[in-house]
Amino acid sequence: MTKQLTQEPLNIIICGVGGQGNILASELLASALVENDYMITVGETYGASQRGGSVMSHVRISTATEYGVLIPRGEAHILVGFEPIETVRVAREYACKQTWVIFDPRPNYPLGVLIGEESYPTLESIEQELKELCDRVWVLPATDIAIEAGNPQAANITLMGALTALPQLPLNSQDYDRVMEQRFKGSVLELNRKVFKLGADYIAEKI
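### Concerning the side chain of D104
- Tracing the sequence through the fold places D104 in the loop between β5 (100-103) and α3 (111-114).
- For D104, which is buried and forms no salt bridge, the nearest opposite charge comes from R106, at a distance of 5.8 Å.
- The residues touching D104, leaving out its near neighbours within four places in the chain, are G81, F82, E83, P84, L140, P141, A142, T143, A155 and L159.

### Considering the nonpolar core
- Ranked by internal contacts, the top residues of the largest apolar core, which has 44 residues, are I12, L29, I61, M160 and L163.
- Residues in contact with L163, not counting those within four places in the same chain, are I12, L29, I78, V80, I102 and L169.
- L79, A91, A95 and V101 belong to the second largest nonpolar core, which has 20 residues in total.

### Some remarks on unusual backbone geometry
- A cis amide bond, omega 0°, links E8 with the succeeding residue P9.
- With respect to the element layout, P9 can be found in the segment before β1 (10-17).
- Phi is positive for D37, which is not a glycine, with a value near 70°.
- The residue D37 is located in the loop between α1 (22-35) and β2 (39-46) in this model.

### What about the pattern of salt bridges?
- Counted by the stated rule, this structure contains 11 salt bridges.
- Between R193 and E190 there is a salt bridge, with the nearest N and O atoms lying 2.7 Å from each other. Here R193 and its partner E190 are both found in helix α8 (residues 186-204), three residues apart, which amounts to about one turn of the helix.
- Looking at R193, the relative accessible area reads 25%, which means it is partly exposed.
- What you see here is one network of salt bridges that share partners, running through D177, E181, E190 and R193.

### Structural notes on the sheet that holds strand β3 (residues 54-62)
- Taken together, six strands build an open sheet; the order of strands is β2-β3-β1-β4-β5-β6 and the sheet is mixed. At either end of the open sheet lies a strand with only one pairing partner, and these are β2 and β6 (136-139). When the angles between neighbouring strand axes are averaged without regard to direction, this sheet yields 15°.
- Along the sheet, helix α2 (residues 84-94) contacts β1, β3, β4 (78-81) and β5; its crossing angle with β1, the most-contacted strand, is approximately 145°.
- Seen against the sheet, helix α4 (residues 123-133) touches β5 and β6 and runs at an angle of roughly 160° to β5.

The rules behind these values
Residues numbered from 1 in each chain as written. Predicted model: local features only at pLDDT ≥ 70, side-chain atom pairs only at ≥ 80, totals over all residues. Heavy atoms only, no water. Helix = DSSP H or I, 4+ residues; strand = E, 2+ residues; numbered from the N terminus. Buried < 20%, exposed > 50% of the residue type's maximum accessible area, 1.4 Å probe, protein only. Lys, Arg positive; Asp, Glu negative; His and termini not counted. Salt bridge = Lys/Arg side-chain N within 4 Å of Asp/Glu carboxyl O. Contact = heavy atoms within 4.5 Å. Core = buried A, V, L, I, M, F, W, Y, C linked by side-chain atoms within 4.5 Å. Pairing = 2+ DSSP bridges. Axes fitted to C-alpha atoms, helices over the stretch in contact; angles between N-to-C directions.

Quick look at the structure:
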């Protein structure tokens, strides 16, 4: 059964750092929504242009209206985090008590941590803060799932599978599969199909 849009607009933020594939993830998501006749606006912000800088995509979904590209503060309905600290940073600004969060716990250590000048917070403290800020929080080991499937770079598709499993998103796996068929071929397509399903199943079991 086709899912319906639950918010007007539905505001989704996909965040991480450069090189994690979150921009591709937002493009695939937007394409799947457009093919299902939704009106989409996508806005992207970059903390730095190089690999490792903060990257955030605002995706706003509507049945009839094109909204501004940036989600107002405190009005994100869903937050998908590719990196733990980035997830918390974005949640502090854009989340509210109705926000649902899915994030990958695999850290991408900043330079200050790597050279020993800074410390990285524990996963427990990150998860606790997110639970205080938001309604529901799921930790999805997307990178680990992708590694086990054969390619750690497929973590972004794993997270998109998890996102599609949420009842708020008006898409199903078939909608997304059509878009992946346009973008990927052969063994890459099959791997992405596999990790997409693994991500979707992981979250579906926990809702």
